[in-house]
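An overview of the molecular structure
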Amino acid sequence: MESNTGYLSPEGDSFMDSLIDQFIHFLAVEKGLSRNTLESYQRDMVAYTTYLQDQGITRIEDSTRTQIIGYLLVLREKGRATATLSRNMASIRAFYQFLVRDKYIDKDPSIHLETPKIEKRLPKVLSIEEVERLLESPPVHHPAGLRDKAMLELLYATGIRVSELVNLDAADVNLDMGFVKCMGKGSKERIIPLGSVAVQMVRHYLSAGRPKLVKGTGDTALFLNHLGKQITRQGFWKIIKRYAQKANIRAEITPHTLRHSFATHLLENGADLRSVQEMLGHADISTTQIYTHVTRTRIKDIYAKTHPRA
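Residues numbered from 1 in each chain as written. Predicted model: local features only at pLDDT ≥ 70, side-chain atom pairs only at ≥ 80, totals over all residues. Heavy atoms only, no water.

Looking now at the side chain of N88. Counting through the fold element by element, N88 comes out in helix α4 (residues 82-101). Taking the relative accessible area as the measure of exposure, N88 reaches 4% and is therefore buried. Here T84 takes part through its backbone oxygen, which lies 2.9 Å from a polar atom of the side chain of N88. Setting aside its immediate chain neighbours within four residues, N88 contacts D44, Y71, L72 and L75. (Helix = DSSP H or I, 4+ residues; strand = E, 2+ residues; numbered from the N terminus. Buried < 20%, exposed > 50% of the residue type's maximum accessible area, 1.4 Å probe, protein only. Polar contact = N/O pair within 3.5 Å; in protein donor to acceptor, adjacent residues only side chain to side chain. Contact = heavy atoms within 4.5 Å.)

With the rule as written, the count across this model stands at nine aromatic pairs. Here the aromatic rings of F95 and Y96 are separated by 6.4 Å at their centres, their planes lie at 55 degrees, and the arrangement is tilted. F95 sits in the buried class, given a relative accessible area of 0%. Each member of the aromatic cluster is reached from another via a ring pair, and the members are F23, F26, Y41, Y48, Y51, Y71, F95, Y96 and F98. (Phe/Tyr/Trp six-rings, centres within 6.5 Å; stacked < 30°, edge-to-face > 60°.)

What helix α5 (residues 128-135) keeps buried is the set E130, V131, L134 and L135. Down the axis of α5, the smallest arc covering the buried residues is 135 degrees, so these residues share one side. In this structure, the buried side of α5 is in contact with α6 (143-158), α9 (233-246) and α10 (255-268). (Arc of directions from axis to C-beta.)

Once that is clear, we can look at the nonpolar core. Counting residues in each nonpolar core, the largest one holds 51 residues, and the members touching the most others are L134, L154, L165, F223 and F236. In this structure F236 touches M151, L152, L155, V162, L165 and P255, once residues within four positions along its chain are discounted. With 29 residues, the next largest nonpolar core counts Y41, I60, Y104 and L113 among its residues. (Core = buried A, V, L, I, M, F, W, Y, C linked by side-chain atoms within 4.5 Å.)

Right under this line is the structure:
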């Protein structure tokens, strides 16, 4: 097999970029990965190929498992988490598999390299009382406050990802039927029921909040910022941080915290695992099972604090 040389040659930087672009295009078309995942792969591969160049590797077929291990060691020395190392290893492995598949190289140097084992951390969840304080924090006497409360209520009511939340269009919520339609990972659509409180708040926002945020841009997004554009993930991050502080929630909180809390509270109140898996959009039920460990841990804590002979 004759491989395509010159991938990392000094005069071949544009070809390097082109090949990474082809790899990302392959992942998008063949694997159906989300935009955020594709961006992560691209960042990983740009960083890795830059490292190869710094090591004097001028052709991709000259890279070996030594360079891969060396790169992971550099990341570790920089204090990167095990999860980051594992993700980089997955990106590098997928990249080499693509290069072999399209005959840019003959051999895959990442074969038989072990992926760093990730220590499973239980997701942080809020108590029901903390969730209630958070949801009551936004003021509802102005459009932005109505929007913020509707977003928080919808997020906790459905457990959808923040990226799914900000990408919702106004047409994706059916308030009469009480459900929301969202596009998840791998462009998979799912339908999730909405509780009465979330329905009420979204309806209030659509009637009294969103019309005042529209700036004639024609943006169809459900949740708009002060410019009349779709609110961003970063924008919502700032929103939830602000209200967590206002609600005097001391625990570290992220937009994903309400998703974790949604799943944990459902299971604590008797929901079956398969239903929670479907609502969360998990492809594998083993991903959902982490929440059963959370509920067990919480039950043990409650027992230890309340039983007289614990």
